[in-house]
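Summary of the model geometry
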Amino acid sequence: EVSHIIHHVEDVTEFAKMQKHIDQAESEMIDRTLEMKIANKRLHESNEVHGRHVIDSIEELNRKQEYFRSLLMAVPVPISVMLGEQHVFLFENYAHREMMQERAILGRPYKEALPEFADWMLPLLDQVYHSGHPYYIDRRKLTFKKKNGHLLDFYFALALYRLFGVNWK
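The notes below deal with the structure included here. All of these numbers come straight from a predicted model, not from anything done at the bench.

Bringing the overall build of the protein chain into the picture now. A count of helical and extended segments in the protein chain gives 4 helices and 4 strands. In sequence order, the secondary structure elements of the protein chain are arranged as α-β-β-α-α-α-β-β. Over its C-alpha atoms the protein chain spans a radius of gyration of 38 Å, topping by over 25% the 15 Å that the globule rule assigns to 169 residues. Burial analysis of the protein chain (169 residues in total) assigns 17% to the buried set.

Take a look at the structure:
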């Protein structure tokens, strides 16, 4: 037989609401975490693909650069490339090196590298550099001093061009 009933009533409405809010926030946080993991994985995969593409592109550019460099080196005509307003020698092929009697000109401004030709050549180089128009000289006599001190005359057809497409700094 039941002799007593103890009944206790407590208002847990706020607690239930808070618990529901916590459960909802926790569920949203789990969803967001999952979304972030998926997005992070996609980003990582994308970075790997793009990174490989960048590496492949750089390797291809290096192969092309080496091809063109070896092509210019093999040309039996003297070729040099100068950079900027000071006309600093950036490149010379084997034929140019031989013509210069192995003189160390790379990295040096024209005026310093070839002072014996600077008076008449620098105005032409400046003209081509600033105008962008090529300049041709046919049958120009150039006298080079050999290592042994002897003078050697050459007759050249010179072609001066401004190269476009790369902004060298």
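It is worth spelling out the side chain of E92 at this point. Locating E92 in the fold gives a position in strand β2 (residues 88-92). Classification of E92 as buried rests on a relative accessible area of 4%. Polar side-chain contacts of E92 include one of 2.8 Å to the side chain of H96. Beyond its immediate sequence surroundings of up to four residues, E92 is in contact with M73, I79, S80, R97, M100, R103, I105 and L106.

For the rest of this paragraph, the subject is a nonpolar patch on the surface. A contiguous nonpolar surface patch, about 330 Å² in accessible area, is contributed by Y67, F68 and L71. In this fold, F68 is placed in helix α1 (residues 13-74).

Now for unusual backbone geometry. The phi dihedral of H87 falls on the positive side, at around 55°, and the residue is not glycine. The residue H87 is located in the loop between β1 (80-83) and β2 in this model. In this model, R139 sits at a positive phi of 60°, which is unusual for a non-glycine residue. Here R139 shows up in strand β3 (residues 135-145).

Moving on, we come to the packing of aromatic side chains. Using the criterion set out here, one finds 4 aromatic pairs in the structure. Residues Y67 and F68 carry aromatic rings whose centres are separated by 5.3 Å and whose planes lie at 75° to one another, so their mutual orientation is edge-to-face. Of note, R140 hangs over the ring of W120, and the distance from its end group to the ring centre comes to 3.5 Å. In this structure, R162 packs its charged tip against the face of Y129, placed 4.5 Å from the ring centre.

Let's shift gears to helix α4 (residues 115-131). The periodicity of an α-helix, 3.6 residues per turn, causes residues three or four places apart in sequence to face the same way. Spanning 17 residues, α4 covers 23 Å between terminal C-alpha atoms, matching the ideal 24 Å at 1.5 Å per step. At M121, α4 shows its largest bend, some 55°, and a proline, P123, comes one to four positions later. If you check which residues of α4 are buried, you get F117, A118, M121, L122, L124, L125 and V128. Packed against the buried residues of α4 are β1, α3 (110-113), β3 and β4 (151-160). Positioned one or two residues after α4, G132 has a phi angle of 80°, which is positive.

One finds Y110, L114, F117, M121 and F144 to be the most contacted residues of the largest nonpolar core, which totals 20 residues. For this core, the elements supplying multiple residues, two or more each, are α3, α4, β3 and β4. Discounting residues that sit within four places of it in the chain, F144 has contacts with M99, M100, F117, H150, L151, L152, F154 and F156.

A few words now on the pattern of salt bridges. Per the stated rule, a full pass over the model turns up 8 salt bridges. In this structure, R63 and E60 form a salt bridge, with 2.7 Å as the shortest nitrogen-oxygen distance. Of this pair, R63 and E60 both sit in helix α1, 3 residues apart, roughly one helical turn. In this structure, D138 and R139 form a salt bridge, with 3.3 Å as the shortest nitrogen-oxygen distance.

With that settled, the discussion passes to the pairing of β3. The pairing of β3 with β4 spans 9 bridges and is classified as antiparallel. The residue bridging L142 from the neighbouring strand is F154, located in β4. Between β3 and β4, which pair antiparallel one after the other, the connecting turn spans 5 residues, and G149 there sits at a positive phi close to 95°.

Criteria and cut-off values
Residues numbered from 1 in each chain as written. Predicted model: local features only at pLDDT ≥ 70, side-chain atom pairs only at ≥ 80, totals over all residues. Heavy atoms only, no water. Helix = DSSP H or I, 4+ residues; strand = E, 2+ residues; numbered from the N terminus. Rg over C-alpha atoms; globule rule 2.2 N^0.38 Å. Buried < 20%, exposed > 50% of the residue type's maximum accessible area, 1.4 Å probe, protein only. Polar contact = N/O pair within 3.5 Å; in protein donor to acceptor, adjacent residues only side chain to side chain. Contact = heavy atoms within 4.5 Å. Patch = residues over 30% accessible without salt bridge, like charges linked within 9 Å, V, L, I, M, F, W, Y side chains within 5 Å. Areas by Shrake-Rupley, 256 points an atom, 1.4 Å probe, with all protein chains shown as cover. Salt bridge = Lys/Arg side-chain N within 4 Å of Asp/Glu carboxyl O. Phe/Tyr/Trp six-rings, centres within 6.5 Å; stacked < 30°, edge-to-face > 60°. Lys NZ or Arg CZ within 6 Å of the ring centre and 35° of its normal. Expected span 1.5 Å × (residues − 1). Bend = angle between axes of the 7 residues up to and from the residue. Core = buried A, V, L, I, M, F, W, Y, C linked by side-chain atoms within 4.5 Å. Pairing = 2+ DSSP bridges.

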